[in-house]
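# Structural characterization, general
The lines below spell out each chain.
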Amino acid sequence: MSENLNPCITCGACCAHFRVSFYWAEANDAGGCVPADLTEQLNLFMRNMRGTNSKTPRCVALEGEIGQCVSCTIYEDRPTPCRAFAQSGEDNVANPACDRARARYGLPPLFTPQLHAITESYVSAGASTASDHVQSPGL
Ligand code: SF4
Ligand code: SF4
């Protein structure tokens, strides 16, 4: 496995676990960039990505099979919660929400205290960490 492989490419769990909601004006019918036809109104001020306001959520923009190979069909125009969501372990920081979403699909956590300890000892031994800084759910 390449050390630069972004785990999001073989995951996609967060795009099918959370309601992805954001300020309504992020959509492209209000001056933003998110394709409005892929959103629905949530309340007076918020919209969500279609498919995510459900007990079995899956964003309409997600393509592929979760846990295998996925991509976001609107990656360049995705809303702010998607841009802000970091994969667990990115920059050596845990994101429990990422690991929770992965657990729903039987995927192992990306960041555990044990992994953290191993990374720390690796770094203190003089090696640099591989971080591709891909913003998640970055596919
Ligand atoms: S951010 Fe986490 S849950 Fe989302 S696609 Fe990446 S690895 Fe999966
Ligand atoms: S990253 Fe793309 S596919 Fe995932 S929730 Fe956001 S818009 Fe949907």
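Before any of the text, the structure's been laid out above.
Please read all numbers here as calculations on a predicted model, not as lab measurements.

Conventions we followed
- Residues numbered from 1 in each chain as written.
- Chains lettered and ligands numbered in written order.
- Predicted model: local features only at pLDDT ≥ 70, side-chain atom pairs only at ≥ 80, totals over all residues.
- Heavy atoms only, no water.
- Helix = DSSP H or I, 4+ residues; strand = E, 2+ residues; numbered from the N terminus.
- Contact = heavy atoms within 4.5 Å.
- Buried < 20%, exposed > 50% of the residue type's maximum accessible area, 1.4 Å probe, protein only.
- Core = buried A, V, L, I, M, F, W, Y, C linked by side-chain atoms within 4.5 Å.
- Salt bridge = Lys/Arg side-chain N within 4 Å of Asp/Glu carboxyl O.

### Let's talk about the environment of Ser21
Counting through the fold element by element, Ser21 comes out in strand β1 (residues 21-23). Expressed as a C-alpha distance, the spacing of Ser21 and Asn53, which sit 32 residues apart in the sequence, is 8.6 Å. The residues contacting Ser21, other than those within four sequence positions of it, are Leu42, Met46, Arg47, Asn48 and Pro81.

### Some points on helix α2 (residues 96-104)
Note that an α-helix has 3.6 residues per turn; residues three or four places apart therefore point the same way. All buried positions along α2 are accounted for by Ala97, Cys98, Asp99, Ala101 and Arg102. In the stretch just after α2, Gly106 is the one whose phi turns positive, near 75°.

### Comments concerning the nonpolar core
The biggest cluster of nonpolar side chains holds 23 residues, and the ones touching the most others in it are Met49, Ala61 and Ile74. Those elements that place two or more of their residues in this core are β5 (69-72) and α2. A per-element tally of this core places α2 first, with 3 residues. Discounting chain neighbours no more than four positions away, the residues touching Ile74 are Val34, Pro35, Leu38, Met49 and Ala61.

### Quick notes on the pattern of salt bridges
Inspection of the entire model under this criterion finds 1 salt bridge. For Asp29, the salt bridge is made with Arg47, and the minimal N-O distance between the two is 2.8 Å. Of this pair, Asp29 sits in the loop between β1 and β2 (39-41) while Arg47 sits in strand β3 (residues 46-49); the two residues are 18 residues apart in sequence, bridging distant segments of the chain. The class for Arg47 is buried, based on a relative accessible area of 12%.

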